[in-house]
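Architecture and fold: a report
Here is how the chains run, residue by residue.
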Amino acid sequence: MANHAAQVGAWLDERAEEMALLLERLVAVGSENPPGLALGRCARVLREAMDRLGLSPEIIELVDPSGELEEPCVVRGTAGGGDRLVYFHGHFDVVPAQSRGQFTAVRRDGRIIGRGAADMKGGIVSMLYGAAAARDLGLLGDGRIVVHLVCDEETGSVVGAGHLRAAGLIDPAALAMVTAEPSGGAIWNAARGAVSVRIDIRGREAHVGQANLGVNAFQQMLHIARPVERYAAEMAGRHTGFPMSPGDARGSMIVVGGLSGGGSNFNVVPGSAFFTVDGRYNPEEDLEGELKRLTGLIEDAAREIGADVSIRTTQLQPSAGTERDHPAAVALARVAGDVQGAPARFEMCAGILETRWYAQLGIPAFGYGAGRLDVSHGPDEYVDEIAMRRCAAVYARYASDLLS
Ligand SMILES: [Zn+2]
């Protein structure tokens, strides 16, 4: 293992410049999602890079039912051969930039600054070079790494990862899955689930002078939102048993009224009103059960005042969790600890992770990446080049550990 460590490190150090340049090229493609721009262009840059690394890339074109994503696709590649299998999974869409300047990467003091450097184009570079290093150095035994890069993680990954699952492209017999989300060197072995709903209330419009003839949907909404707020407070008090990063809240997090609105003018009784409820539920919670409970509270409150209400579920994404004493988790912690020179810690990710698509099939799945979560999505997003190479070394040696 010590010998592999030196070989992998040297292989990556020789390609430090190449890795930085690839990240700069990827940052330059403004694959902002929403709405999902330049996804085909970004995929072609990735295909070219993977071709050069001998990762046999293919672009799988997809259909987005909403029609918003530009050339939606999955880029898929392979290192090594044989039945035993480890997945490296990433996404090449980025959240919208705060300024156009973020699409010109700045390389300074060992850092690459730009949109997506941390989340997660830097992670993709680590995975591609990690996979190629393991294959070139003959560390994969009779196994292989399959790389999946999807285009729509920032809007739920239903098109990209959803296709992988629906088309049977995720093999339940895989030994593990790693995604390069910006975990800052921690191992995310669990992630929350998500439930989002939109509540629409229909009243009756009337001019302010004849307000008595109207039915005020806003007033009804206030009545209906109150039990939902009490529900959110209750869920915030139900703590997870998974370890979390300091400062993160341990309860399930629910935002009431992230979006709200209604009415047609200040001098008209509002004939419509709506609000949203968005929840991130701890892995211990039963999502379907909670959605039923929430819906029931809304329906009961509406019935009390005779309100005409409709409830639409806009998102239902299961949580994911792999026990930290699972052999695949122990192996990742051992390799990461060795490369980092400090013990790796396990944490639950406060949001949702694409690990869920694999964990649902019984595959041990982890988030582990070089970027830092606290700079991701922000105006000064960056990744440290040395962290990017260290992560690549972890990926290469983890695959070797599982497959050889
Ligand atoms: Zn991400």
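Refer to the structure presented above.
From a predicted model like this one, the values you see are computed outputs, not experimental measurements.

Conventions adopted
- Residues numbered from 1 in each chain as written.
- Predicted model: local features only at pLDDT ≥ 70, side-chain atom pairs only at ≥ 80, totals over all residues.
- Pairing = 2+ DSSP bridges.
- Helix = DSSP H or I, 4+ residues; strand = E, 2+ residues; numbered from the N terminus.
- Axes fitted to C-alpha atoms, helices over the stretch in contact; angles between N-to-C directions.
- Contact = placed C-beta atoms within 7 Å.
- Core = buried A, V, L, I, M, F, W, Y, C linked by C-beta atoms within 7 Å.
- Buried ≥ 20, exposed ≤ 12 C-beta atoms within 10 Å, placed from the backbone.
- Domains from an automatic or database assignment.

Once that is clear, we can look at the sheet that holds strand S11 (residues 272-281). Read from one edge to the other, the open sheet built from four strands follows the order S10-S11-S9-S12, with strand pairing classed as antiparallel. Every other strand in the sheet has two partners, leaving strand S10 (253-262) and strand S12 (308-317) as the edge strands with one partner each. Averaged over neighbouring strand pairs, the angle between their axes works out to 15° when direction is ignored. For strand S9 (residues 193-202) and S12, the ladder comprises nine bridges, and the chain directions are antiparallel. Pairing of Arg 198 across the sheet is with Arg 312, part of S12. Sitting on the sheet, helix H6 (residues 217-236) touches S9, S10, S11 and S12, and the angle it makes with S10 is about 170°.

Here we take up the sheet that holds strand S5 (residues 111-113). Taken in spatial order, the three strands make up an open sheet running S4-S5-S16, and their pairing is antiparallel. Either end of the sheet is taken by a strand with one partner, and the two such strands are strand S4 (106-108) and strand S16 (382-384). Averaged over all pairs of adjacent strands, the angle between their axes in this sheet comes to 20°, without regard to strand direction. Bridge count between S4 and S5: three bridges; the pairing is antiparallel.

This brings us to the nonpolar core. Counting 126 residues, the largest nonpolar core has Leu 128, Ala 131 and Tyr 395 as its most contacted members. Looking at this core, you find at least three residues from each of domain 1 (2-191 + 319-403) and domain 2 (193-317). Residues in contact with Tyr 395, not counting those within four places in the same chain, are Phe 88, Ser 126, Met 127, Gly 130, Ala 131 and Val 178.

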